[in-house]
Amino acid sequence: MFEGLRERLQTARARIGSSIQAVAAPQKEHGEAPGLPAQPLHSSATFADKVKTFVIDRELIITDSELAGALSDLEIMLLESDVALTVTDAIVGHVKRDLVGSHRRIGQSVDALVVGTLRRALLDVLGKGFDLSEYIRSHERPVKILFTGVNGTGKTTTVAKVGAFLKKQGFTVVIGAGDTYRAGAIEQIDVHAERIGIKIIQHQQGADPSAVLFDAVQYAISHKIDVVLADTAGRLHTKANLMNQLEKIRRVMKPDLIVYVDEAVAGNDAIVRAAEFDKTVGADVVVLTKADMDSRGGAAISIAHTIGKPLMFLGTGQAYDDIMPFSPHAVVEELLGDG
Amino acid sequence: MLDSLSTSLKDALKKLAGKTVVDRAAVDELVKDLQRALLSADVNVKLVMELSKAIRTRSLDEPPPKGMGVREHVLRIVYQELVRLIWTATDVKLEPQTILMAGLQGSGKTTTTAKLARYFQKKGLKVGVICADTFRPGAYDQLVTLCQKINVPCFGNPEANDPLALTRQGLSAFKDLELLIIDTQGRHALEANLIQEIIELNKLTKATHRWLVIDAALGQQASEQARRFHEAIGIDGVIITKMDGTAKGGGALSAVAETKSGIVFIGSGETIEDLDRFDPDGFISRLLGMGDLRALVERAEEAITADAVDVTSMMKGKFTLRDMYQQLEALNKMGPLKQIMSMLPLGNMELPSDVYDVTSTKMVRYRIIMDSMTSIELDDPSLINSSRMQRIAHGAGATLDEVRELLKYYKLMQRTLKGLRGQGGKFNMQRLMKRFSGMQ
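All of the points below concern the structure found in this document.

Parameters at a glance
- Residues numbered from 1 in each chain as written.
- Chains lettered and ligands numbered in written order.
- Predicted model: local features only at pLDDT ≥ 70, side-chain atom pairs only at ≥ 80, totals over all residues.
- Heavy atoms only, no water.
- Helix = DSSP H or I, 4+ residues; strand = E, 2+ residues; numbered from the N terminus.
- Buried < 20%, exposed > 50% of the residue type's maximum accessible area, 1.4 Å probe, protein only.
- Contact = heavy atoms within 4.5 Å.
- Areas by Shrake-Rupley, 256 points an atom, 1.4 Å probe, with all protein chains shown as cover.
- Axes fitted to C-alpha atoms, helices over the stretch in contact; angles between N-to-C directions.
- Parallel < 35°, antiparallel > 145°, perpendicular 65-115°, else oblique.
- Pairing = 2+ DSSP bridges.
- Core = buried A, V, L, I, M, F, W, Y, C linked by side-chain atoms within 4.5 Å.
- Expected span 1.5 Å × (residues − 1).

1. Structural notes on the overall build of chain B
- Across its full length, chain B holds 20 helices and eight strands.
- Here chain B holds 440 residues, and 56% of them are scored as buried.
- Expressed as a percentage of contacts within chain B between residues at least 6 apart in sequence, the contacts between residues at least 24 apart total 74%.
- For chain B, the exposed area adds up to about 18,900 Å²; of that, 51% sits on carbon and sulfur atoms.

2. Thoughts on the packing of helix α3 (residues 64–80) of chain A against helix α3 (residues 45–61) of chain B
- One way to put it is that α3(A) packs onto α3(B) with a least axis distance of 9 Å and a crossing angle of 125 degrees. Considered as vectors, α3(A) and α3(B) are oriented oblique to each other. Where α3(A) abuts α3(B), its residues A:Ile76, A:Leu79 and A:Glu80 lie against B:Val45, B:Lys46 and B:Met49.

3. Brief notes about the sheet that holds strand β6 (residues 237–241) of chain B
Residue and element names in this part refer to chain B.
- A sheet is described by the order of its strands in space; here eight strands give the open sequence β3-β2-β4-β1-β5-β6-β7-β8, paired in mixed fashion. Across the chains shown, the open sheet's two edge strands, defined by having one partner strand only, are β3 (154–155) and β8 (275–277).
- With respect to the sheet, helix α8 (residues 192–205) is in contact with β1 (97–103), β4 (179–183) and β5 (209–215), its orientation differing from that of β1 by roughly 175 degrees.

4. Considering the sheet that holds strand β10 (residues 323–325) of chain A
Residues and elements named next belong to chain A.
- Spatially, the eight strands line up as an open sheet ordered β5-β4-β6-β3-β7-β8-β9-β10, and their pairing is mixed. The two strands at the open ends of the sheet, each matched to only one other strand, are β5 (199–201) and β10. Sheet twist, expressed as the average angle between the axes of neighbouring strands with direction ignored, equals 25 degrees.
- Sheet strands in contact with helix α8 (residues 185–196) are β4 (173–178), β5 and β6 (227–232), and its direction is about 160 degrees off that of β5.
- Sitting on the sheet, helix α9 (residues 209–222) touches β3 (143–148), β4, β5 and β6, and the angle it makes with β4 is about 170 degrees.

5. Looking at unusual backbone geometry
- Geometrically, the link from A:Arg141 to A:Pro142 is a cis peptide bond, its omega value of -10 degrees lying close to zero.
- In this structure, A:Lys254 is a non-glycine residue whose phi angle is positive, near 45 degrees.
- Turning to its location among the elements, A:Lys254 is positioned in the loop between α10 (240–253) and β7 (257–263).
- A positive phi is found at B:Lys260, a non-glycine position, where the angle reads about 50 degrees.
- What makes B:Lys260 exposed here is its relative accessible area of 53%.

6. Quick notes on the nonpolar core
- Residues A:Leu9, A:Ile16, A:Ile20, A:Leu74 and A:Val95 are the most contacted members of the largest nonpolar core, which totals 67 residues.
- In terms of residues, this core owes the most to one element, helix α5 (residues 110–126) of chain A, which gives eight residues.
- Ranked by size, the runner-up nonpolar core spans 60 residues in total, among them B:Val27, B:Leu171, B:Ile240 and B:Ile263.

7. Quick notes on helix α11 (residues 269–280) of chain A
All names here are of chain A.
- In this model α11 runs 17 Å from its N-terminal to its C-terminal C-alpha over 12 residues, within 8% of the 16 Å that 1.5 Å per residue would give.
- For α11, every residue scored as buried is listed here: Asp-269, Ala-270, Ile-271, Arg-273, Ala-274 and Phe-277.
- Just downstream of α11 lies Gly-282, where phi reads positive at about 85 degrees.

This is the structure:
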């Protein structure tokens, strides 16, 4: 899914690399000239060594203006890949901070320097991943997981996928049908639950979602079930009453983990709403859906960075097993790797 | 709605308005700010680049028309280029037709289908809905529930798995109805078999319109997705959904530019009535700090009966307490005051927040007080002196302060409406210029 971004980053890497090399070439000659006449004064046995050290270990200072062109190219490339403006600024800023004024030894490969910098910048931006199975193993059962997000991001489908994923890992799971607002939502999750063979707790449409989810938790406790997955109705972060309802759900069911679901194709607004959800009910981890629509993957990076929450899964298709645990190191390697 | 985009654009324009001489550097600065504003609103990068290039060249090359300052000249170009960016309004005809809904998963097709059915039903057409989404569990239940609320027939079968066969049955079952809306499964452009399916659906239904539903939050992907949908079935209208959030809808703008179509409707809430017609001129004006007057009038026409307030005559200037009495009642019917106000072209004029605070209970109080006024007082509020005030308060069982508050509110409304006069309908560039100049 990251092919687009990967391609662009490879180009950026070459671009910055060449810009540094272009700078390095003339400076080498200038640098040596004033240095040489001084050498004979220190005539000693180590003279040859000194020259060697001087030439090879001499450091070059990379300046701001030399990188400007390459950095602005990098900026446009990131923006085109759906990386949000602020995150783009963060990455470009990081690369600039790392490279400008840095001392590059002549013997050091330009490519390694650039890759190292980009890798640090991306890892910095991506944050840590999140291992759900590990989390469940290390916590008291039942582990209660609440899914939140705006309308149409794919919460219900994600609940089903995570249910299938956990079932495959050997956990017992119950789903609480907390979307009692949208017409057809209960039927939708009911069908999903039946297909993947998971027990579902539901009330009628229009019921109090807190009550449904409370029942789901009670069911899990009395049946010694490992995980409760709580679906909720999608809501826009601007609707105060709906956000209050979500806050009530949180109070009543006391979730261990709040999962914020958004789509990988969302633009800059993703940041605004993620922050708003985080503020009202909190968000421990993030799931990004519809990642298969976006070959560029920039939104994933942006959201992970801005909420400052680890990314747990990526949804990559319509089937139940189209879900991918997210590992920042693997992604960065994929983006910058040579293969 | 679109608040953030218009704030950043206004900031960018304000910077230019502060300049005394428009030189190359000033234009460059504006263009850079515009770029950032549009990019952060998710407008496609290439589109932004084209736009800024055109503005820069035109601002520097074209001589300003006589009588227009250099600064106004640049503003006019910005406006024109933005209008060009969002293309033209699409005409929605009230005649028998078939509408095919297309869009990505979760963009809001099903909800919008029901909203559209309601819209055309209110305009007096016999509407029918076909659910061609045989993939998503619950899709049929969702559409049926929504259609039942508005008494629109809905054809579908949750057990079926062939959308083409199902649609064929639906078409023959509904052949007596005037307007058919076909809701389809969510799909994205990279799913070749699903794209093939919608091509066949389009052939089968011979749809008059193929509307693409786009989430206001959709990012840079919008262009690409819209292009592929356009190639497949020829999109002739775009509907932006979830515009009541903070998303700026820039992605939808890119989609419009890509399909060379217009934005037909915008969805702005969860209830079935929350669908508005889109008017690009108004949209741009609003982007630049003016309101969308036409949408308000259209909405008002539906909510107000013939004998109630005539919005247009009110705008013309005569505004008495009697008008306010009727207006308070009418506004109550139209929905929350704040929503109405956000549609009025108030521009940069910041309304005091207490204008919004007229809650329904307060409106009732106001009405009781006005009931204690004579008809001469209602027609000419300037007559009301302190002894008349005493009498009114006594008669209404209210305090003097309440009467004063009512009169204050009346004056505020009067001033507001005075400010609106003369801008209705046509976009008034001159006034806009003045307003921008005034912001320095």
